[in-house]
Amino acid sequence: MADPSSYRPQPGQIPDSPGVYKFRDEHRRVIYVGKAKSLRQRLANYFQDLAGLHPRTRSMVTTAASVEWTVVSTEVEALQLEYSWIKEFDPRFNVKYRDDKSYPYLAVTMNEEYPRVQVMRGQKRKGVRYFGPYGHAWAIRDTVDLLLRVFPVRTCSAGVFKNAARTGRPCLLGYIGKCSAPCVGRVSAEEHRDLAEEFSDFMAGRTGTYIRRLEQRMTEAAEEMEYERAARLRDDIEALRKAMEKSAVVLADATDADLIAVAEDELEAAVQIFHVRGGRVRGQRGWVTDKVEEITTGALVEHALQQLYGEEKGDSVPKEVLVPALPDPLEPVQEWLAARRGSGVSLRIPQRGDKKALMETVQRNAQQSLVLHKTKRASDLTTRSRALEEIAEALGLDSAPLRIECYDISHLQGDDVVASMVVFEDGLQRKSEYRRFQIKGRVGDTQVWHGEGQDDVRSMHEVISRRFRRYIAEKEKTGEWADGQEPGQEPGQEPGQEPGQEPGQELGGELGGELKDDDGRPKRFAYPPQLVVVDGGQPQVAAAQRALDELGIDDIAVCGLAKRLEEVWVPGEDDPVILPRTSEGLYLLQRVRDEAHRFAITYQRVKRAKHFRTSVLDDVPGLGESRKQALIKHFGSVKKLRSATIDQIREVPGIGLKTAETIAVALAQAAPAAPAVNMATGEIIGYTDETQETEEAADTADTAHTQDGEPETREGSSGEPVTAGAPDERRGQET
């Protein structure tokens, strides 16, 4: 435990101006971020007598080893910088709201040529209009089903849309009048976009216009004695009214507002938000947080506002926000909200009338959410604690392993050998700490083996060595490693995370990259586990222990979990540890092992798919990805492209005479691929180049083997399991 006086700034060093400050621990991690109107006055509060501090504040200042600050011009800038730093550094002592569920939104993809109505979760995308959030996805689908009678907007996926356009036949919704069928040209792109705009306007609360318009058209149809059309319009009006009834009117003056309520106790706080648009509740969401610092209700509201509107702009920030307590000071928060919206935002406490009554309803929801969360968490926490204690007892550990790392090896008959590292802290997944490895047979600058083939033991030794060499290197960098030890440290390159992939990184050579001590971002491998779990039996455990012994690490326990009988193996023992099948400890080890296996096999499939998407066009000089796609889109397949003339190839936009001649020569020299053979049945399977050019080729994956030797099969196009066994040059051609 650090003494705050050891890093207290000297008198006169701290400026008396607005700013943002951050506390760091001994590992240079940012553990707390705060803002202040006067940095000098605020920071002085942290360095008073420890007995006078709130217990959580006392825990923070004794965990910290240094404090830094940045001066800004205004309190609004301080608010913005504080939000950015909390989002970037994820400090452990800051209030962080956790969504108690992933809320679905009704989304209209206005960024597409033919906008689509669908259910979406997660990160919001540019050019997509969102409505909600809703409590359940089925509530969205019920509403959409009613509205499609009046606004027959496309709801199908891109694959279904393209298939309908190719065949000239719409899907079922097109036949029953719930889709305008732009895929077959029943309406133009402009007409379909107008339908999507009207759908969005209705969902945004402008309902009266459409109801009155339909009623007028129904009356006109009845006067003209077109009774069938009048009946359809009557049914459309009824459908719209039913959709409106699903969100009751709560504010008579068609108010656009968000209502935020907070329920709290000494340890936790729950926040509930009702989104009211056009006087109707259009969405609801809730968060729960641990109160890791001494904080007022107004400060909780301020953090909730940052979480809610930090990434929003324009109309997503309503004109009015009703809260149970106002942040202090109020003006910077209102200015920040106004900047996000682009116009003034009223932030106030409702005093009377319908708004106060609705706020009481939101408050009751918050109270219920907190009670439900505490009941659920008490059960989860007890179970996790028991599981960790059982593992510690079974393995003879001094204390419960609060951080567990698990490693798994995956390959396809010795090709594309990869490994995964997953992390569980306090019995829960820590996905931001997941890592991925390419096995290259190299540790540091030393090539220890060729890195290919089905050698899981060597692969495991390499992975453990690389991971903990980086741990030692980072300990040396911070001066924490004992004098006299000279473990090797090799430089590495920090690879970026691929878009749409899970947290982790692809490592070709040595692990990790340049440390980022100065900016406070988490170091990649600076924090050791209390327990290393490997997916495998005695050989893999021995390899992992040997890697640690070679590095002089003797304070990290190792065990392995073998799939066959779920036996727990420990180094140096001839017999496994048998945990009862009902053991919570065994269940946690299984979860950790299965997660490592999933993460490894997913990465291996990604690498494998890259090989399946190769093409003879890849070898054509000067032909980039865009023009390759243009060629395939124009001709449909390489087979048809091979039979085309140079003049036909030149018809593709961006392809000139010289490039067309080069393509023709390359295709003429390339021999067509041989047919594939199903080694399980002996069947000769016809193969065309078209298969190789499609994304579906990645789904014709062979069996992926893990280090236990148990295959994981994937279904082929026929629905039957596909077994590996074809020669290497044909492995990507099996179906």
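In this report, the structure presented in the accompanying data block is examined. (Residues numbered from 1 in each chain as written. Predicted model: local features only at pLDDT ≥ 70, side-chain atom pairs only at ≥ 80, totals over all residues. Heavy atoms only, no water.)

## Quick notes on the pattern of salt bridges
Turning to step 1, where the next piece is worked out: Counting across every chain of the model gives 24 salt bridges.
Turning to step 2, where the next piece is worked out: Residues Glu82 and Lys35 are paired through a salt bridge, measuring 3.6 Å at the closest nitrogen-oxygen approach. A residue pair is termed long-range when its members are at least 10 positions apart, and Glu82 in helix α3 (residues 75–89) and Lys35 in strand β2 (residues 30–36) qualify at 47 residues.
Turning to step 3, where the next piece is worked out: As a salt-bridge pair, Glu405 and Arg403 come within 3.1 Å of each other at their nearest N and O atoms. (Salt bridge = Lys/Arg side-chain N within 4 Å of Asp/Glu carboxyl O. Helix = DSSP H or I, 4+ residues; strand = E, 2+ residues; numbered from the N terminus.)

## Some words on a negative patch on the surface
Turning to step 1, where the next piece is worked out: Together, Glu113, Glu190, Glu191 and Asp194 give the surface a local cluster of negative charge.
Turning to step 2, where the next piece is worked out: Topologically, Asp194 is positioned in helix α7 (residues 189–203).
Turning to step 3, where the next piece is worked out: When its relative accessible area of 47% is taken as the criterion, Asp194 is described as partly exposed. (Patch = residues over 30% accessible without salt bridge, like charges linked within 9 Å, V, L, I, M, F, W, Y side chains within 5 Å. Areas by Shrake-Rupley, 256 points an atom, 1.4 Å probe, with all protein chains shown as cover. Lys, Arg positive; Asp, Glu negative; His and termini not counted. Charge placed at Lys NZ, Arg CZ, Asp CG, Glu CD. Buried < 20%, exposed > 50% of the residue type's maximum accessible area, 1.4 Å probe, protein only.)

## A short note on the sheet that holds strand β5 (residues 105–108)
Turning to step 1, where the next piece is worked out: Taken together, three strands build an open sheet; the order of strands is β6-β5-β7 and the sheet is antiparallel. Each edge of the open sheet carries a strand with a single partner, namely β6 (117–120) and β7 (129–131). Geometrically, the sheet is characterised by an average inter-axis angle of 35° between neighbouring strands, direction not taken into account.
Turning to step 2, where the next piece is worked out: Where β5 meets β6, four bridges bridge the pair, whose relative direction is antiparallel. Note that in β6 the partner of Tyr105 across the bridge is Met120. (Pairing = 2+ DSSP bridges. Axes fitted to C-alpha atoms, helices over the stretch in contact; angles between N-to-C directions.)

## So, the pairing of strand β20 (residues 557–562)
Turning to step 1, where the next piece is worked out: Burial of β20 is extensive: six of the six residues sit out of reach of the surface.
Turning to step 2, where the next piece is worked out: Across five bridges, the pairing between strand β19 (residues 531–535) and β20 is parallel. Its bridge partner being in β20, Leu531 is matched across the sheet by Ala557.
Turning to step 3, where the next piece is worked out: Handedness of the crossover is the feature at issue here: the chain leaves β19, passes through helix α14 (residues 538–550), returns alongside β20, and the resulting connection is right-handed.
Turning to step 4, where the next piece is worked out: Here β20 pairs with strand β21 (residues 567–569) via three bridges, running antiparallel. Following the sheet pairing, Gly560 is matched in β21 by Trp569. (Right-handed = clockwise from strand over helix to strand, strands pointing away.)

## Digging into the sheet that holds strand β3 (residues 64–71)
Backbone-to-backbone hydrogen bonds join strands into a sheet, with any given pair of strands oriented parallel or antiparallel.
Turning to step 1, where the next piece is worked out: Across the sheet, which stays open at both edges, the three strands sit in the order β2-β1-β3 with antiparallel pairing between neighbours. Sheet topology places β2 and β3 at the edges, where each strand pairs with a single neighbour. Taking each pair of neighbouring strands and ignoring which way they run, the sheet shows an average axis angle of 20°.
Turning to step 2, where the next piece is worked out: Alignment of strand β1 (residues 19–25) against β3, held across seven bridges, turns out to be antiparallel. Bridge pairing links Gly19 to Val71 in β3.
Turning to step 3, where the next piece is worked out: Seen against the sheet, helix α2 (residues 55–63) touches β1, β2 and β3 and runs at an angle of roughly 95° to β3. (Contact = heavy atoms within 4.5 Å.)

## A short note on the packing of helix α10 (residues 297–309) against helix α11 (residues 331–341)
Turning to step 1, where the next piece is worked out: Where α10 contacts α11, the axes come no closer than 12 Å and their chain directions differ by 10°. In this view, α10 runs roughly parallel relative to α11, as classed from their interaxial angle. Residues Glu302, Leu305, Gln306 and Tyr309 of α10 lie in contact with α11, whose contacting residues are Val333, Trp336, Leu337 and Arg340.
Turning to step 2, where the next piece is worked out: Its residues placed into classes, the contact of α10 with α11 shows five nonpolar, one polar and two charged. (Parallel < 35°, antiparallel > 145°, perpendicular 65-115°, else oblique. Nonpolar A, V, L, I, M, F, W, Y, C, P; charged D, E, K, R; others polar.)

## So, unusual backbone geometry
Turning to step 1, where the next piece is worked out: The step from Asp328 to Pro329 runs through a cis peptide bond, and the omega angle for that step is 0°.
Turning to step 2, where the next piece is worked out: Phi at Arg28 takes a positive value of approximately 70°, unusual for a residue other than glycine.
Turning to step 3, where the next piece is worked out: Phi angles above zero are rare outside glycine, and Met225 is one such case at about 60°.
Turning to step 4, where the next piece is worked out: With respect to the helices and strands, the residue Met225 is situated in the loop between α8 (208–223) and α9 (227–245).
Turning to step 5, where the next piece is worked out: The class of Met225 is exposed, set by a relative accessible area of 59%.

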